[in-house]
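# Structure at a glance
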Amino acid sequence: MLDIRIEKTKNPKAKPDFVNNPPEFGTVTTDHMFVMDYNPEQGWHDPRIVPYGPFEVEPICMSFHYAQEIYEGMKAFKSKDGNPLLFRPDMNAKRFQRSARRVMIPEIPVEDYLQAVYEFVKVEKDWIPTEPATSLYMRPVCFATQSSVGVEVSSEYKFFIVACPVKAYHTEFSSEDSCWVETEYSRASGGGTGGDKCGCNYANTLLPQTLAEEKGYVEVVFTDSVEHKWIGEISASNIMFVIDGKVVTPELDGTILPGITRDSILHLCREWGIPCEERKISVDELKETLKNGKCTEAMSLGTAVVIEPIGSFGFADEGRLTVGDGEVGPVSRRLYETILAIQHGEEKGPEGWVVELK
Ligand code: COI
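Residues numbered from 1 in each chain as written. Predicted model: local features only at pLDDT ≥ 70, side-chain atom pairs only at ≥ 80, totals over all residues. Heavy atoms only, no water.

## Concerning the pattern of salt bridges
On inspection of all chains with the given rule, the structure shows 20 salt bridges. Asp90 serves as the salt-bridge partner of Lys94, at 3.6 Å between the closest nitrogen and oxygen. Linking Lys94 with Asp90, this pair stays in helix H2 (residues 89-102), spanning four residues, or about one helical turn. Between Asp284 and Lys287 there is a salt bridge, and its shortest N-O distance comes to 4.0 Å. Taken together, the residues Asp284 and Lys287, both in helix H7 (residues 283-291) and three residues apart, mark about one turn of the helix. (Salt bridge = Lys/Arg side-chain N within 4 Å of Asp/Glu carboxyl O. Helix = DSSP H or I, 4+ residues; strand = E, 2+ residues; numbered from the N terminus.)

## Here we look at the state of the cysteines
Counted according to the given criterion, the structure contains zero disulfides. In this structure Cys269 is a free cysteine whose sulfur lies 4.6 Å from that of Cys276, the closest cysteine sulfur available. A relative accessible area of 0% means that Cys269 is categorised as buried. (Disulfide = S-S within 2.5 Å. Buried < 20%, exposed > 50% of the residue type's maximum accessible area, 1.4 Å probe, protein only.)

## Looking at a nonpolar patch on the surface
Among the surface-exposed residues, Ile60, Tyr66, Val149 and Val151 lie close enough to one another that they form a single nonpolar patch of about 360 Å² accessible area. Assignment of secondary structure puts Tyr66 in helix H1 (residues 62-66). According to the relative accessible area criterion, Tyr66 is partly exposed, its value standing at 36%. (Patch = residues over 30% accessible without salt bridge, like charges linked within 9 Å, V, L, I, M, F, W, Y side chains within 5 Å. Areas by Shrake-Rupley, 256 points an atom, 1.4 Å probe, with all protein chains shown as cover.)

## Here we look at H7
By the burial criterion, the buried members of H7 are Val283, Leu286, Lys287, Thr289 and Leu290. Positive backbone phi, at 80°, marks Gly293, one or two positions downstream of H7.

## Observations regarding the nonpolar core
Counting 36 residues, the largest nonpolar core has Phe34, Tyr113, Met138 and Phe159 as the members making the most contacts within it. With seven residues, helix H3 (residues 110-123) is the largest single contributor of residues to this core. With near-sequence residues (within four places) excluded, Met138 lies in contact with Glu72, Gly73, Met74, Lys75, Ala76, Leu86, Val117, Phe120, Val121, Ile161, Val162 and Ala163. (Core = buried A, V, L, I, M, F, W, Y, C linked by side-chain atoms within 4.5 Å. Contact = heavy atoms within 4.5 Å.)

## Overview of the packing of helix H6 (residues 260-271) against helix H8 (residues 330-343)
Closest axis-to-axis distance for the H6/H8 pair is 11 Å, and the angle between their directions is 110°. With respect to H8, the axis of H6 lies roughly perpendicular. Contacts between H6 and H8 involve Ser264, Ile265, Leu268 and Cys269 on the former and, on the latter, Leu335, Thr338, Ile339 and Ile342. (Axes fitted to C-alpha atoms, helices over the stretch in contact; angles between N-to-C directions. Parallel < 35°, antiparallel > 145°, perpendicular 65-115°, else oblique.)

## Considering the site of the ligand
Within the structure, the ligand sits among Tyr71, Gly73, Tyr137, Arg139, Tyr169, Lys197, Tyr202, Ala236, Thr303 and Ala304. Arg139 places a polar side-chain atom, nitrogen or oxygen, 3.4 Å from an oxygen atom of the ligand. The separation between an oxygen atom of the ligand and a polar main-chain atom of Ala304 is 2.8 Å. Taken by itself the ligand offers 280 Å² of open surface, and the protein chains cover 89% of this. The residue inventory of the shell around the ligand, partitioned by class, reads six nonpolar, two polar and two charged. Of the residues that make up the shell around the ligand, three or more belong to each of domain 1 (5-167) and domain 2 (177-343). (Near = heavy atom within 4 Å. Polar contact = N/O pair within 3.5 Å; in protein donor to acceptor, adjacent residues only side chain to side chain. Nonpolar A, V, L, I, M, F, W, Y, C, P; charged D, E, K, R; others polar. Domains from an automatic or database assignment.)

Below is the structure:
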């Protein structure tokens, strides 16, 4: 059990106006942050919730040089009684531990991670927005702080949690999203960190993402790094299709992030009797089923995006192919509405999915 010291801000900030002037995703932070430090002598120590502000680190801080850093994305919502609601936070805590192991960061016990998140959310409760499709998006992060340019495992770390009141990551729930199928650059390779939530996974998506935007696409879906034949993951989210009436998503082969939204969708679909397949999907199968009309829906999914229907895919050899009739499909709509209703406490989800902080 952490003994968390709380120091409240003396200068609370103005909260954003989501009706008249909603801020860009992730640009406004709340008043406080949770911070805890690690060194070999004390282990994880000095847990505290303090006013939000900069850290002082040296230019030779190891994270700047070798990207020994991991993070999580979580959201808090408000129940109709005004209590904070969290969606499957234990899954984030466990994934944070797995990511830590992969890049040699000392693990934070699941119960300490959860306690830190819960205490932090309680302090920032008034920052949880209640307008439609809004939430308090949280970023638990851990990074190496040792000062040295030697390539080695850092001996010192900082764990922090910050939060941003946000509107949906993409503007509207519509099929305007489009996805370029990338067959030159890769996001992850077998045995790498693609299946863990390491910041380094995202840097190498920025160039292909920019090139795809120049071609007129909103997102990029990466293919495997060996043959560029198998569909993998979108830059910052998982991908799912409805093919021949079945929900199909790439299997977790180590290059795909085990998304909590992905897991929740598979669970709900199985409960509803919709057949689900976690398997390899080739670029050729995607092209074929888009052309013959068997791929009726496609979605981008993640904590930030929730579920975003994809209206078309772009291929280097075929150009743009539309998904189904180009409109939002019934499975995507039902999943989106159900996930949001569960997260906001309006519908009862499976046991243990929603944690209400009283
Ligand atoms: C999330 O969905 O929470 C993520 O971490 C993706 C992010 C890059 C927006």
